Amino acid sequence: MPMRFVLIAFLLLTLFAGCAEKQRENYVIGFSQCTGDDEWRRAMLDGMERELAFHNNTKLIFKDAHANSAVQVKQIEELLQSGIHLLIVSPNESDPLTPVIEKVFRKGIPVVVVDRRTSSPYYTAYVGGDNYQVGKTVGEYIVTLLRGEGKIIEITGLPRSSPASDRHRGLVDALAGQPGIRRMATLNGQWEKEIAKKQLRETLPRFPDLDLIFAQNEVMAMGAREVCNEVFPDRKIRVIGVDGLPGQFGDIQMVYDGHITATALYPTGGEEAARIAMNILQKQPYQKENLLQTAIIDSSNVRMIKMQTDKMISQQNDIERQQARIDEQLEIYQTQRGLLYVMTGLFIVSIILGSVALYSLIENKKINRELNSKNQEILVQRNRIQDIAEKAQEATESKFRFFTNISHEFRTPLTLILGPVEELLKQKNENPAARKNLSLVQKNAKRLLWLVNQLMDFRKIESGKIRVQASGSDIVAFIRELMLPFDQVARKRRIDFRLITTLPSLEVWFDRDMMDKVFFNLLSNAFKFTSDWGRIHIHLSRISDHVVIKVQDNGSGLSETDIAGAFEMFYQGKNSIKGTGLGLPLSREFVELHQGTIIADGKKDEGATFTVTLPLGTAHLRPEDIADPVADPVDRSVDWTIAETEERPATAVQKDQPAVLLIEDNEDLLGFMAGLLQNHYQVSTATDGLAGLDQCFETVPDLIVCDVMLPGMDGLQITSTLKADLRTSHIPVILLTARNTPEQQVEGMQARADMYLTKPFSPQFLQESIRSLLANRQLLRSAQIGRGMPDAEAGLSRLDKKFLNELRALIVSRLDDPGLTVESLGKELGLSRVQLFRKTKALLGGGANDLILNLRLEKACSLLLNPDLTMAEIADQTGFTSQSYFSTVFKNRFGVSPKDWRFVKS
Ligand code: FRU
């Protein structure tokens, strides 16, 4: 639509431009002049231009033949070719010019003949003086002037030009009845002054009594005067001319000045010719023959005529000035008209553009409305998609949760299988068959655990929680290390198992745990599908900035389908990759986390090759992929290969053995753990979180082993509650869980657990952990024992230090009070008697009573140094009910009586 507007604007502007064009040069008039060199001809051209100035739609093309007929013919042909609408011609000579003028006429181009005639009637109009009449008038004037008696010479123009012959004829006719007037000679001056002078110089001397010379034009008359003055300076021969040109150099001035006697008026007819030409072109009426009248100008009328012509010239000049001004105005008008067109054009364009803008605005609004409704639709759809995505996310989350829970479920029974099996295998069982079976159970339980771990790894990868923790290691040594556990099987099955490499060592940045799983998986596969006496070769080489490790076997091989599906989750191949469908996809994930590749190759029955390529250097790793050199890079979950701890002989539980509380909802596991610990500790148990917590406050155990996922209250909450409470803040807590991501472990530590064990755990490791935590507490106690004062650096929690400070301050403030008992202290501190006892025992190694007594005796020692105080006073100030009781207690503690002690110290 806007294009249409622009098109209309363009057409309108073109139309304007077209109108402006149309007013210019509608007619082209060709003007062929026989000669343009004299004043008379210039006057003719001026007259013509003056007249045509009224017609500004007409152009005049002027051609000057310089008195040469052949040149004039050629010029007329050229004008014809240029496409003139009308020809004005003054033929130099009649006959030579007639054919070409006829040709123009016959082509339908109007021809206006001026001054000199052609020899044919084929022209449109003639304008010029009546030359016969001119000759005749001059003849009659001569008769009168010479009173019928005298000798004359005539100087003619070109004999073949019509004015020359017509004027001659008129003269002859006028003198025909005047025998006294004798024409002595007729000279051919060819209309030119110099030619006329030459002719006359030759002839004049022969006629010393000559009376008069008639020269057919103004210039030849002037020449005749000059020759007369030369030849007969003493005589005044009369000279008569033709033309009657006004102006300073014209023949009217010559008559006025007395140089020539008279001249016959011969008008140029320039204006008339132009006027008739325009009439013809504009289809206006005109006359074919237009003869201009003549008159004699001599001394009798020259003054008046000169005045008139001078006036005319001045008026003419005025007119020309006016014309110049008109031209100026016209130019201004043209410019303004042009401006007007431009303005109008711009106005139209602005209207059109305005309309276009308006139209666009309306269209835009329409489009905006449509867009808005589309946006709305998209928004609705987006929200719908978001809903679906959220639901999908929720579904994925619950899938992950399910996955995790299932894995937990697997891990707990696995603990219960592996733990007792390990315990049984440790007992020196005599029955080899039973041992073999137990080993089988252990091997398969480990295998099951390995699979569960793989599932857990996948879950971590899918939830994006796994991170590469790369460190620079020697890959050659790493592979050799990995091969060790397989060596025995290889030897047993006579498999040619070796590493082929020329590299003594090569540093590669990789996550040892992940690569361990990758190559363990590849080697397990290779051993599974290679027959006895077969071959498993590991080729290790460096290619450019990569390390390439190929695990190549000559086992049952891979089909094309196997190769295509090898790394797909849960793909169950037929040959070398038959299995859970987890190992290879997991390996690929691990390798790709290192920006490496893993590919499978081989043929059915011709063995399989798995090629792992890893980039060298660290450029491919993000800063967070590089392991912190001080942190332990290995997963903290307890490995079953952990070094076995020394077996300690079981002993009967004694009263003063540490109390351990186990909180675990899985009763089997609870029972297993209790069985494991009961020989060394006073074990109590709880199966849900809240009951466990109550029991903690009630019994204040020496150590708590607590599962994280529990009914009622989870292990993390239990831990933070215990650690925030004065009564229990000192108790070491071991958190026990199947959740083994670093984030979960951090969560456990944030709850201020003392240790975090992941299931399945080694029974030995649990036992050692408990033993070590309790031993540390004992060490701590030894550091404070007897002083009742916590050492600032003792490693106690802030809460425990605060507790001990408060306890001591309370005792010191009431040392003189014999009623200061454990009960009253507990009351003030908000603790039961048992809780206070357990707390002080755990922190100080003794009960609160011991602390009170120690502080009383400590104060008594300082008072004994004061000799002014009596024993009774000291006993009173230190809260002993009697002096004798004070002495007994003091002697019991220090081996001397207070009196003796004072004596020794003074
Ligand atoms: C000018 C002129 C005039 C004369 C006319 C005749 O060229 O010689 O003086 O009257 O031509 O054609």
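Residues numbered from 1 in each chain as written. Predicted model: local features only at pLDDT ≥ 70, side-chain atom pairs only at ≥ 80, totals over all residues. Heavy atoms only, no water.

**Here we look at the overall build of the chain**
Now for step 1: A count of helices and strands for the chain gives 28 helices and 24 strands.
Now for step 2: Taking all 906 residues of the chain together, 46% fall into the buried category. (Helix = DSSP H or I, 4+ residues; strand = E, 2+ residues; numbered from the N terminus. Buried < 20%, exposed > 50% of the residue type's maximum accessible area, 1.4 Å probe, protein only.)

**Describing helix α2 (residues 39-52)**
Now for step 1: For α2, built from 14 residues, the straight-helix expectation of 20 Å at 1.5 Å per residue is met to within 8% by its first-to-last C-alpha distance of 20 Å.
Now for step 2: Considered for burial, the residues of α2 that qualify are Trp 40, Arg 41, Met 44, Leu 45, Gly 47, Met 48, Glu 51 and Leu 52. Down the axis of α2, the sector holding all buried residues measures 155 degrees, keeping them to one side.
Now for step 3: In this structure, the buried residues of α2 make contact with β1 (27-33), β2 (58-64), β3 (86-90), β4 (111-114), β9 (238-243) and α10 (270-281).
Now for step 4: Where α2 begins, the capping side chain belongs to Asp 38, and its oxygen is found 3.2 Å from the backbone nitrogen of Trp 40. (Expected span 1.5 Å × (residues − 1). Arc of directions from axis to C-beta. Contact = heavy atoms within 4.5 Å. Polar contact = N/O pair within 3.5 Å; in protein donor to acceptor, adjacent residues only side chain to side chain.)

**As for the packing of helix α12 (residues 432-462) against helix α16 (residues 583-593)**
Pairs of packed helices are described in terms of their axes, by the angle between the two and the distance that separates them.
Now for step 1: Interaxial distance between α12 and α16 falls to 11 Å at its minimum, and their mutual angle equals 40 degrees. For the element pair α12 / α16, the angle class is oblique. By crossing handedness, the relation of α12 to α16 is classed as left-handed. Packed against α12, whose contacting residues are Gln 454, Asp 457, Phe 458 and Ile 461, the element α16 presents Gly 583, Pro 585, Leu 586, Glu 589 and Phe 590 at the interface.
Now for step 2: Residues belonging to the contact of α12 with α16 are distributed by class as follows: 5 nonpolar, 2 polar and 2 charged. (Axes fitted to C-alpha atoms, helices over the stretch in contact; angles between N-to-C directions. Parallel < 35°, antiparallel > 145°, perpendicular 65-115°, else oblique. Left-handed = near helix turned anticlockwise from the far one by under 90°. Nonpolar A, V, L, I, M, F, W, Y, C, P; charged D, E, K, R; others polar.)

**Here's the deal with the site of the ligand**
Now for step 1: Close to the ligand lie Asp 38, Trp 40, Arg 41, Asp 115, Arg 116, Pro 163, Arg 167, Trp 191, Asn 217, Asp 243 and Tyr 266.
Now for step 2: The side chain of Asp 115 places a nitrogen or oxygen atom 3.0 Å from an oxygen atom of the ligand.
Now for step 3: For the ligand, an oxygen atom lies 2.8 Å from a polar atom in the side chain of Arg 116.
Now for step 4: Taking 310 Å² as the accessible area of the ligand by itself, protein coverage stands at 98%.
Now for step 5: Within the residue set of the shell around the ligand, elements represented by two or more residues are α2 and α6 (162-175).
Now for step 6: When grouped by side-chain class, the residues that make up the shell around the ligand number 4 nonpolar, 1 polar and 6 charged. (Near = heavy atom within 4 Å. Areas by Shrake-Rupley, 256 points an atom, 1.4 Å probe, with all protein chains shown as cover.)

**Some points on the nonpolar core**
Now for step 1: Ile 88, Val 112 and Ile 142 are the most contacted members of the largest nonpolar core, which has 57 residues in total.
Now for step 2: Counting residues per element, this core draws most heavily on α10, which supplies 7 residues.
Now for step 3: For Val 112, the residues in contact, after removing those within four places along its chain, are Leu 86, Leu 87, Ile 88, Val 89, Ala 125, Val 127, Ala 273, Ala 277 and Ile 280.
Now for step 4: Counting 50 residues, the second largest nonpolar core, distinct from the first, contains Phe 519, Ala 566, Leu 584 and Leu 616. (Core = buried A, V, L, I, M, F, W, Y, C linked by side-chain atoms within 4.5 Å.)

**Observations concerning the confidence of the model for the chain**
Now for step 1: The predicted model of the chain averages 85 in pLDDT, with 88% of residues at 70 or higher.
Now for step 2: For the chain, helix α1 (residues 2-22) is the element with the lowest average pLDDT, namely 53, and strand β8 (residues 212-215) is the one with the highest, namely 98.
Now for step 3: Counting interchain partners and residues more than four positions distant, the pLDDT-below-50 stretch residues 19-24 has 5 contacts.
Now for step 4: In this model, residues 630-653 is a region of pLDDT below 50 whose contacts with residues beyond four sequence positions or in other chains number 45 contacts. (pLDDT = per-residue confidence, 0-100.)

**Quick look at the side chain of Asp 251**
Now for step 1: Tracing the backbone through its elements, the reader meets Asp 251 in helix α9 (residues 251-257).
Now for step 2: One buried charged residue, Asp 251, forms no salt bridge at all, with the nearest opposite charge on Arg 167 at 9.0 Å.
Now for step 3: Setting aside residues up to four positions removed in sequence, Asp 251 forms contacts with Glu 218, Val 242, Asp 243, Gly 244, Leu 245, Ile 260 and Thr 263. (Lys, Arg positive; Asp, Glu negative; His and termini not counted. Salt bridge = Lys/Arg side-chain N within 4 Å of Asp/Glu carboxyl O.)

**Some thoughts on the sheet that holds strand β17 (residues 546-553)**
Now for step 1: The sheet built from 5 strands is open, its strands ordered β14-β16-β17-β19-β18 with mixed pairing. Only two strands of the sheet have a single neighbouring strand rather than two, namely β14 (496-500) and β18 (597-602). Within the sheet, the average angular offset between the axes of one strand and its neighbour, ignoring direction, is 15 degrees.
Now for step 2: As paired strands, strand β16 (residues 535-543) and β17 are joined by 8 bridges and run antiparallel to one another. Of the residues in β17, the one forming a bridge with His 537 is Gln 552.
Now for step 3: Of the strands in this sheet, β14, β16 and β17 are in contact with helix α13 (residues 475-492), which crosses β14 at around 175 degrees. (Pairing = 2+ DSSP bridges.)

**Let's talk about the pairing of strand β22 (residues 703-707)**
Now for step 1: Among the 5 residues of β22, 5 are classified as buried, and the element is accordingly described as predominantly covered.
Now for step 2: Taking every second residue as pointing to the same face, both faces of β22 are buried, with Leu 703, Val 705 and Asp 707 on one and Ile 704 and Cys 706 on the other.
Now for step 3: By the bridge criterion, 4 bridges tie strand β20 (residues 659-663) to β22 in an arrangement that is parallel. Pairing of Val 660 across the sheet is with Leu 703, part of β22.
Now for step 4: One ladder, built from 4 bridges, connects β22 with strand β23 (residues 733-737); its direction is parallel.

**Quick word on the environment of Phe 510**
Now for step 1: You can see Phe 510 is positioned in strand β15 (residues 507-510).
Now for step 2: For the pair Phe 510 and Gln 469, spaced 41 residues apart in sequence, the C-alpha to C-alpha distance is 7.3 Å.
Now for step 3: Phe 510 has contacts with Gln 469, Ala 470, Ser 471, Ser 473, Ile 475, Phe 478, Met 515 and His 594, leaving out every residue within four places of it along the chain.

**Quick word on unusual backbone geometry**
Where the residue is not glycine, phi is negative for most of them; where a peptide bond is considered, it is trans in most cases.
Now for step 1: At Arg 147, a position not held by glycine, the phi torsion is positive, near 50 degrees.
Now for step 2: Inspection of the secondary structure puts Arg 147 in the loop between α5 (131-146) and β6 (150-156).
Now for step 3: Even without glycine at this site, Lys 283 takes up a positive phi of about 60 degrees.

**Things to note about a negative patch on the surface**
Now for step 1: Residues Asp 387, Glu 390, Glu 394 and Glu 397 make up a contiguous surface patch of negative charge.
Now for step 2: You can see Glu 390 is positioned in helix α11 (residues 302-426). (Patch = residues over 30% accessible without salt bridge, like charges linked within 9 Å, V, L, I, M, F, W, Y side chains within 5 Å. Charge placed at Lys NZ, Arg CZ, Asp CG, Glu CD.)

**Some words on the packing of aromatic side chains**
Now for step 1: Within this structure, the stated rule accounts for 12 aromatic pairs.
Now for step 2: Here Phe 486 and Phe 527 contribute two aromatic rings whose centre-to-centre distance is 5.2 Å and whose plane-to-plane angle is 20 degrees, an arrangement assigned as stacked. Here Phe 486 is found in helix α13, whereas its partner Phe 527 is found in helix α14 (residues 512-529), with 41 residues between them in sequence. Considered together, Phe 486 and Phe 527 belong to a single accessibility category, that of buried residues.
Now for step 3: Consider the rings of Phe 497 and Phe 527, whose centres lie 5.0 Å apart with planes at 75 degrees: the pair is edge-to-face. With Phe 497 in strand β14 and Phe 527 in helix α14, the pair connects residues that are 30 residues apart, well separated along the chain. Phe 527 matches Phe 497 in its accessibility class, with the two residues each being buried. (Phe/Tyr/Trp six-rings, centres within 6.5 Å; stacked < 30°, edge-to-face > 60°.)

**Considerations on the sheet that holds β1**
Now for step 1: In space, the 6 strands of this open sheet follow the order β2-β1-β3-β4-β5-β11, with parallel pairing throughout. Sheet topology places β2 and β11 (289-292) at the edges, where each strand pairs with a single neighbour. Averaged over all adjacent pairs, the angle separating strand axes in this sheet is 15 degrees, with direction ignored.
Now for step 2: Bridge count for β1 against β2 is 7 bridges, and the pairing is parallel. Within β2, the position partnered with Ser 32 by the bridge is Lys 63.

**Section: a nonpolar patch on the surface**
Now for step 1: Taken together, the side chains of Leu 358, Leu 361 and Ile 362 present a nonpolar region at the surface, about 310 Å² in accessible area.
Now for step 2: Residue position: Leu 361 is located in helix α11.

**Some thoughts on the pattern of salt bridges**
Now for step 1: Within this structure, the stated rule accounts for 32 salt bridges.
Now for step 2: The shortest N-O distance in the salt bridge between Glu 271 and Arg 50 comes to 2.9 Å. Residue Glu 271 is located in helix α10, and its partner Arg 50 is located in helix α2; the two are separated by 221 residues in the primary sequence.
Now for step 3: Shared partners join several salt bridges into a network, and the residues in it are Arg 41, Asp 115 and Arg 116.

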